Amino acid sequence: MEDKFKLKSKVYFNKQSIQILEQIKGSRAFIVSDSIMEKLGYLQKAVDYLSKAGISSIVFTGVRPDPDIKVITEGLKLYEESDADVLVAIGGGSAIDTAKGILYFSWKLKSEAGGEMKKPLFIAIPSTSGTGSEVTDFTVITSEGTKVCIVDEFIAPDIAILDSTCIQHVPERVVADTGIDVLVHAIEAYVSTNATDFTDALAEKAVKLIFENVEKLYNDPKNPDARDRVQNASCMAGMAFANSNLGINHSLAHALGATFHISHGRSNAILLNTVMEYNSNLRGSANGYVAERYAKLATILQLPARTHREGTVNFIQAVARLKKALGVEDTIRKLGVDEDEFERALDQMSEKAMLDRCTPTNPRQPSKEDLIGIYRKCY
Ligand SMILES: NC(=O)c1ccc[n+]([C@@H]2O[C@H](COP(=O)([O-])OP(=O)(O)OC[C@H]3O[C@@H](n4cnc5c(N)ncnc54)[C@H](O)[C@@H]3O)[C@@H](O)[C@H]2O)c1
Ligand SMILES: [Zn+2]
């Protein structure tokens, strides 16, 4: 691996930072969003600020959770017709990933046809905290029932706007799902085979911010300070994993979520403890690199960690407590997944997880049987 840390996006943060749209240079914006953002008025807010900058807007509100090729194709057609020089995504990870998909395929199709794309200024405004997609070069697109990650620096947003007033109406369940997703991003970045001092610093801070604030936010969605802190954690975890990549928690979650239509965050949350036990070899010596890292995270949370094993056990227990406080089910069965269907899907899900882009940077290289074992334990 090349030793580098990349950070392309300029990040504006804190309440009302969406106002920065008044200062954007351009003539026409293509806005990618969904009907909920429209109903909540965030979309209009963006249109109004852009209009103050002399930018007219064309709006696509066809985003659906876990975007598939069909949504990207619909959006791409309108985008090509729009002649936009500014691309704005406003919404959760699904809206931002849809905009990235549109950008990616527009660029690929033009270059295959021998043409060149005039790259628009790409602005991402997340309305969940979150996927970190506002600063990553990842997009996750569902194709024929499989979640495929496309990774390319070309699709990393130029500007990320973390205006936490845009996350004030997030439903409780989405706060829990996306909050745990942030934690998984930070933990996987921290134990990734590509972790560096730079990604560690971001991951450590994100873990601390999540433990200090996400439960507060879940219990009081109006808490403005908790909203800012969780939003910052989400972005920091995104910066970390955009550089270090993720691990098998995400590989397994991608396949599980796509097969049984479970949200990205909840799929990750259900698997987290068992994946940590596997990665740290908790049933064995639990004194290797991963256990050392989990123990370090325990000390950051001021939990006892006199040995790597003690720190690992305490960290995993703290994660379990947090998940419970956020109403996350502790088994896949409790999500209503039928046992026979689950057993039938196991082989294919594990196969897909083995091939997922997140697997090679997991700190412990699994066999397919290991992954089947993790799924079964989580069921
Ligand atoms: N690109 C990346 O780096 C990356 C990283 C992790 C996950 N993902 C992908 O992102 C997607 C998940 O994104 P997500 O977890 O943000 O959820 P989401 O974007 O799918 O949104 C979940 C639901 O919450 C609603 N919602 C969003 N913001 C809201 C708000 N402010 N108020 C009320 N409702 C709101 C949405 O309309 C939707 O119904 C998945 O497809 C996942 O694979 C991408
Ligand atoms: Zn994730």
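Scope of this entry: the structure provided in the associated data block. Owing to the predicted nature of the structure, the values given are computational and were not obtained by experimental measurement.

## A look at the overall build of the protein
Each helix and strand in the protein was counted, giving 13 helices and 8 strands. In terms of C-alpha radius of gyration, the protein reaches 20 Å, essentially the compact-globule figure of 21 Å for 379 residues. The buried share of the protein, reckoned over its 379 residues, is 51%. Here the analysis covers contacts within the protein between residues at least 6 apart in sequence; of these, 76% occur between residues at least 24 apart.

## Section: the sheet that holds strand E1 (residues 10–13)
Think of a sheet as strands paired side by side through backbone hydrogen bonds, with each pair either parallel or antiparallel. Spatial ordering of the open sheet is given by E1-E8-E5-E4-E2-E3, a layout of 6 strands whose pairing is parallel. Whereas interior strands pair on both sides, the edge strands pair on one side only; in this sheet they are E1 and strand E3 (56–60). Across the sheet, the mean angle from the axis of one strand to that of its neighbour is 20°, orientation sign disregarded. One ladder, built from 4 bridges, connects E1 with strand E8 (residues 159–162); its direction is parallel.

## Points about the site of ligand 1
Among the 31 residues in the neighbourhood of ligand 1, the closest are listed as Gly 92, Gly 93, Ser 94, Thr 128 and Val 140. At the level of elements, helix H4 (93–112), strand E6 (138–143), helix H5 (172–191) and helix H9 (264–279) are the ones that each hand at least two residues to the shell around ligand 1. Here the element with the most residues in the shell around ligand 1 is H4; it accounts for 4 residues. Its residues assigned to classes, the shell around ligand 1 comprises 11 nonpolar, 16 polar and 4 charged. No fewer than three residues from each of domain 1 (10–167) and domain 2 (172–378) sit in the shell around ligand 1.

## Comments concerning the environment of Ala 203
Mapped onto the elements of the fold, Ala 203 is located in helix H6 (residues 197–219). It is 9.9 Å that separates the C-alpha atoms of Ala 203 and Ser 234, two residues lying 31 residues apart in sequence. In this structure, Ala 203 is in contact with Ala 186, Ala 189, Tyr 190, Ala 237 and Ala 240, ignoring residues within four places of it in sequence.

Procedures and definitions
Residues numbered from 1 in each chain as written. Chains lettered and ligands numbered in written order. Predicted model: local features only at pLDDT ≥ 70, side-chain atom pairs only at ≥ 80, totals over all residues. Helix = DSSP H or I, 4+ residues; strand = E, 2+ residues; numbered from the N terminus. Rg over C-alpha atoms; globule rule 2.2 N^0.38 Å. Buried ≥ 20, exposed ≤ 12 C-beta atoms within 10 Å, placed from the backbone. Contact = placed C-beta atoms within 7 Å. Pairing = 2+ DSSP bridges. Axes fitted to C-alpha atoms, helices over the stretch in contact; angles between N-to-C directions. Near = placed C-beta within 6 Å. Nonpolar A, V, L, I, M, F, W, Y, C, P; charged D, E, K, R; others polar. Domains from an automatic or database assignment.

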